[in-house]
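Commentary on secondary and tertiary structure
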Amino acid sequence: MTSAVNHFTHGPLTPALAYVMSCLGSMLGLRLTAQAHASRGGARTRWLLGAAVSIGGTGIWVMHFIAMMGFAVDGTRITYDVPLTVASAVVAIVVVGTGLFLVTYGRGRLPALLGGGLLTGLGVASMHYLGMYAMNMSAHVSYDRLTVVLSVAIAVVAATAALWFTLRVRKPVWITGAALVMGLAVSGMHYTGMAAMRVTMHAPAEGQPAPATGADALDFLVPLMTVISLITLTMLLMVLLSPSEEELHEDAELVAKLELRRRTARQERLARPGAPVAPMPHTPQMPRSPQEPGMPRIPHVS
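Definitions and limits used
- Residues numbered from 1 in each chain as written.
- Predicted model: local features only at pLDDT ≥ 70, side-chain atom pairs only at ≥ 80, totals over all residues.
- Heavy atoms only, no water.
- Axes fitted to C-alpha atoms, helices over the stretch in contact; angles between N-to-C directions.
- Helix = DSSP H or I, 4+ residues; strand = E, 2+ residues; numbered from the N terminus.
- Parallel < 35°, antiparallel > 145°, perpendicular 65-115°, else oblique.
- Left-handed = near helix turned anticlockwise from the far one by under 90°.
- Contact = heavy atoms within 4.5 Å.
- Nonpolar A, V, L, I, M, F, W, Y, C, P; charged D, E, K, R; others polar.
- Salt bridge = Lys/Arg side-chain N within 4 Å of Asp/Glu carboxyl O.

1. What about the packing of helix α1 (residues 13–37) against helix α7 (residues 217–241)?
Close contact between α1 and α7 brings their axes to 10 Å; oriented N to C, the two are set at 40°. For the element pair α1 / α7, the angle class is oblique. Crossing angle aside, the handedness with which α1 passes α7 is left-handed. Taken together, the residues of α7 that come into contact with α1 (itself represented by Met21, Leu28, Arg31 and Leu32) are Ser229, Thr232, Met235, Leu236 and Val239. Across the contact of α1 with α7, the residue classes break down as 6 nonpolar, 2 polar and 1 charged.

What follows is the structure in structure tokens.
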């Protein structure tokens, strides 16, 4: 017997909120990657790690489980396996971070972009289905293979486009537009994967199944999503307080101009080693006193 599956128990609230969180996480991640491209050394690595947390943690994982808050199955209680749910968050952050490092240090070359997009897309799909596998309910869950393949394809395309955006967009207006597209792609992948789910309740003759074990969504998911969102807000403040890429570029140009002027002045001085030295101003000397040594004595006339 197939149960009634409802993806929108709270109406449009959960999909709308999930989309907004996905856009915010993507927007912050793109801003952090722009900051990383303007930095060097350890600073670049730290900005990329922050982007991985923003896109993978908030833009993808938090979006996924906010949408799951609206998921319900009639006739059974849904709980979540804690280790698997935490593992799904780690997977999302790690695969996004790996893709960002590949395309950044691969200097945006096509093989690095395609390889990073494939790896990140498969990782995001793995995170999604791992999060769905973490659900415990008194029913049998199966998936439509064709829809699963479609959701994975959407994840790979969306991940590749997201990595391309991290290499190209710099201005706030383009970052905002790219984040809206990324949020739409992540949401589309999520609900396509959810459409692949088939839930079948046990027949009455089989007896009552064992109650589902695990943590309730309100007791576990909400605090975890709150922690990740606070981390995201902290990074947002760091970005707002940090100089933008344009400001860093302007500072670098100013330093370069000052250094060029200093070198030019030094070279001009070295190119004129025999330049005449300006004479010292003449100071009139007072006549020496007759009593001073070395002066001829004036004879006394009587």
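2. Side note on the pattern of salt bridges
For the structure shown, the criterion picks out 2 salt bridges. One salt bridge in this structure joins Arg262 and Glu259, with 2.7 Å as the shortest N-O distance. Highlighted residues: Arg262 and Glu259, both in helix α8 (residues 245–270), separated by 3 residues, approximately one helical turn. Between Arg263 and Glu259 there is a salt bridge; the shortest N-O distance is 3.1 Å. Of this pair, Arg263 and Glu259 both sit in helix α8, 4 residues apart, which is roughly one turn of the helix. One network of salt bridges, in which partners are shared, links Glu259, Arg262 and Arg263.

Purely spatial values, then, with no claim about function.
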